[in-house]
Protein chains: 2
Amino acid sequence: MAGFSDGERERIRAALLDAGSELFARYGLDKTTVGELADAAGIATGSFYTFFDSKERLYYEVLMERAEDAFARMTAAVEAADGPESGTRAFLREAIAIVEEDPLIRNLVYGNERERLLRAISDEEIEATKERKVALLAPYVERWQDEGVVRSGDPETLALAVQSAGFVVAHRDEFGSEEEYEAVRDALVDLVAAGLASP
Amino acid sequence: MAGFSDGERERIRAALLDAGSELFARYGLDKTTVGELADAAGIATGSFYTFFDSKERLYYEVLMERAEDAFARMTAAVEAADGPESGTRAFLREAIAIVEEDPLIRNLVYGNERERLLRAISDEEIEATKERKVALLAPYVERWQDEGVVRSGDPETLALAVQSAGFVVAHRDEFGSEEEYEAVRDALVDLVAAGLASP
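Just so we're clear, the structure is a prediction, and the values are computed from it rather than from any experiment. Residues take numbers from 1 onward in each chain, read along the sequence in its written order. By the order in which they are written, chains take letters starting at A while ligands take numbers starting at 1. Reporting of local features is limited, given that this is a predicted model, to residues whose pLDDT is at least 70; pairs of side-chain atoms are given and counted only at 80 or more, and all residues count toward the totals for whole chains, interfaces and linings. Side-chain numbers come from the whole structure's heavy atoms, not from hydrogens or water.

A few words on the interface of chain B and chain A. Every residue pair with non-hydrogen atoms within 4.5 Å of one another is taken to be in contact. The partner chain A presents 31 residues to the 31 residues of chain B that form the contact. Here the buried area means the combined drop in accessible surface, using a 1.4 Å probe, for two parts upon being joined, counting both sides. Counting the surface lost from both chain B and chain A, the interface buries some 2,400 Å², and carbon and sulfur atoms represent 72% of this. What makes a salt bridge here is a side-chain nitrogen of Lys or Arg within 4 Å of a carboxyl oxygen of Asp or Glu, nothing more. Joining chain B to chain A, the criterion identifies 2 salt bridges. The salt bridge involving A:Glu180 is made with B:Lys130; its shortest N-O contact spans 2.7 Å. Side-chain atoms alone can form a polar contact between residues adjacent in sequence; in general such a contact is a pair of N or O atoms within 3.5 Å, and within protein one must be able to donate a hydrogen while the other accepts it. Counting every contact that joins chain B to chain A gives 3 residue pairs in polar contact (both at pLDDT 80 or more). For the purposes of this entry, the term helix denotes a DSSP run of H or I that reaches at least four residues, the term strand denotes a run of E that reaches at least two, and both are numbered from the N terminus. Elements that contribute at least two residues to the side of chain B that touches chain A include exactly helix 9 (155–164) and helix 10 (178–196) of chain B. Among the elements that line the side of chain B that touches chain A, the one with the most residues is helix 10 of chain B, at 11 residues. Looking at the side of chain B that touches chain A, its residues break down into 18 nonpolar, 6 polar and 7 charged. For this classification, the nonpolar set comprises Ala, Val, Leu, Ile, Met, Phe, Trp, Tyr, Cys and Pro, the charged set comprises Asp, Glu, Lys and Arg, and every other residue, Gly included, is treated as polar.

A separate point is the UniProt feature "domain: HTH tetR-type" (unreviewed entry) in chain A. UniProt positions are given in the numbering used here, feature names are shortened, and annotations may be inferred rather than shown by experiment. Taking the UniProt record as the reference, the feature "domain: HTH tetR-type" (unreviewed entry) is found at residues 10–70 of chain A. Within residues 10–70 of chain A, the helical portion is 80% and the strand portion 0%, while the C-alpha atoms at the span's ends are 24 Å from each other.

Our focus in this paragraph is a negative patch on the surface. Residues and elements named next belong to chain A. Two distance rules govern patches: like charges are joined within 9 Å, and nonpolar side chains (Val, Leu, Ile, Met, Phe, Trp, Tyr) within 5 Å, applied only to residues with over 30% relative accessible area and no salt bridge. The accessible surface values rely on the Shrake-Rupley method and a 1.4 Å probe; as for residues, cover is taken only from the protein chains in view. Counting rule for charge: Lys and Arg are taken as positive, Asp and Glu as negative, and neither His nor the chain ends is counted. One atom stands in for each charge, and that atom is NZ of Lys, CZ of Arg, CG of Asp or CD of Glu. Together, Asp123, Glu124, Glu127, Glu131, Glu142, Asp146, Glu147, Asp154 and Glu156 give the surface a local cluster of negative charge. In terms of residues, the negative patch owes the most to one element, helix 8 (residues 123–146), which gives 6 residues. Turning to its location among the elements, Asp146 is positioned in helix 8.

Let's shift gears to the domain arrangement of chain A. Residues and elements named next belong to chain A. Once the domains are mapped, chain A shows domain 1 (1–52) and domain 2 (61–196). Note that the domain bounds reflect an automated or database-derived domain assignment. Of note, the centres of domain 1 and domain 2, computed from C-alpha atoms alone, are 30 Å apart. The interface is formed by 10 residues belonging to domain 1 together with 9 residues belonging to domain 2. A buried area of about 820 Å², summed over both sides, lies between domain 1 and domain 2, and 62% of it is on carbon and sulfur atoms. Looking only at domain 1, the three residues that lose the most surface to domain 2 are Leu17, Ser21 and Leu29, adding up to 55% of its buried area. Between Glu61 and Arg13 there is a salt bridge; the shortest N-O distance is 3.7 Å. Along the contact surface separating domain 1 from domain 2 lie 2 residue pairs in polar contact (both at pLDDT 80 or more). The residue makeup of the side of domain 1 that touches domain 2, split by class, is 5 nonpolar, 3 polar and 2 charged.

Before going further, it helps to examine the UniProt feature "DNA-binding region" (unreviewed entry) in chain A. Taking the numbering used here, the UniProt-annotated feature "DNA-binding region" (unreviewed entry) corresponds to residues 33–52 of chain A. A distance of 13 Å separates the end C-alpha atoms of residues 33–52 of chain A, which is 55% helix and 0% strand.

All names here are of chain B. If you trace the backbone, Arg57 turns up in helix 4 (residues 55–80). For Arg57, a relative accessible area of 15% translates into the label buried. Here Ala120 takes part through its backbone oxygen, which lies 3.3 Å from a polar atom of the side chain of Arg57. Contacts of Arg57, omitting those with residues within four sequence positions, involve Phe52, Ala120, Ile121 and Glu125. Each residue's exposure class comes from its accessible area (1.4 Å probe, protein chains only) as a fraction of the maximum for that residue type: buried when under 20%, exposed when over 50%, partly exposed otherwise.

Listed below in structure tokens is the structure:
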């Protein structure tokens, strides 16, 4: 495989993930070429494909790394809170902040790169990521239901409903002003958290 | 103006609105031509422009007619309910049903015709439509606040937050199945309504 030792492969793979993380965030999927990515990792363009099937595939792997960080932040937010309402609010605020802050995650959630990216990912991987996402809040909902402090209903459906409030981020530009968007976003988070916590 | 009497102008204008309503819904803004619209109303293509500045403008007028019907349905839904939680739920369900059912309103809310359409509408008109939309639920929120049966906060912000839950419609395709979308959509509506009604 282009004569790389296992150690070299590991180093190059990490360098490609770093290059992807930086270049995709700065220039987007379209304007970043395989040549530039390979260059940044110090390999020939042709060697790129012994690491990733396509730049979309690299983009996906970069995203998965970021998603793990994001998921950890969201879980930590619930853990730090002291009940279902504040926990749900903290979880959703964190989720929204991540999408607002991270250009790569934002593109996946509502960018025009979404469709193209999904084509580079298998159905199984899409399903696994989704299950991973649902599994973040659903166990807390279930626990809170056992304690009788949140409404009843399928925990996964309720968890997805809470997370669906986050779609507001994708419609940020449709508000009259940034202030209005922020006020409405925060009010929506409050409504959803209070709604879940009203048994 | 092309020799039309006032009565003729009124009749032709109504015919153009009908034609737009049908053709835009069936073929979309792009694939419907001014020639087809004029044809359907029995006038020459050139005469179209003595009625509307552009097909985008006609599209907007058709939408405004439909929006008035939609607004009436949403208000009737709140009026028919017997409290803030069921009223908010009925309002939001109705709003979502309208977007799901009406291809023209759906295109405005999240289609690729949105941008193009907005360019044909003045800022004042966009603002007026938005104020009209906010004015639907906000007075009820204010009244409910006076009765102490909903949470406090700016009524317009709360009304917009409730309506923002409707963004989920624009993300229908991102759910695993139609059943999942419907379950999550309904749960989100329930959360928001219960959240507003928890003072």
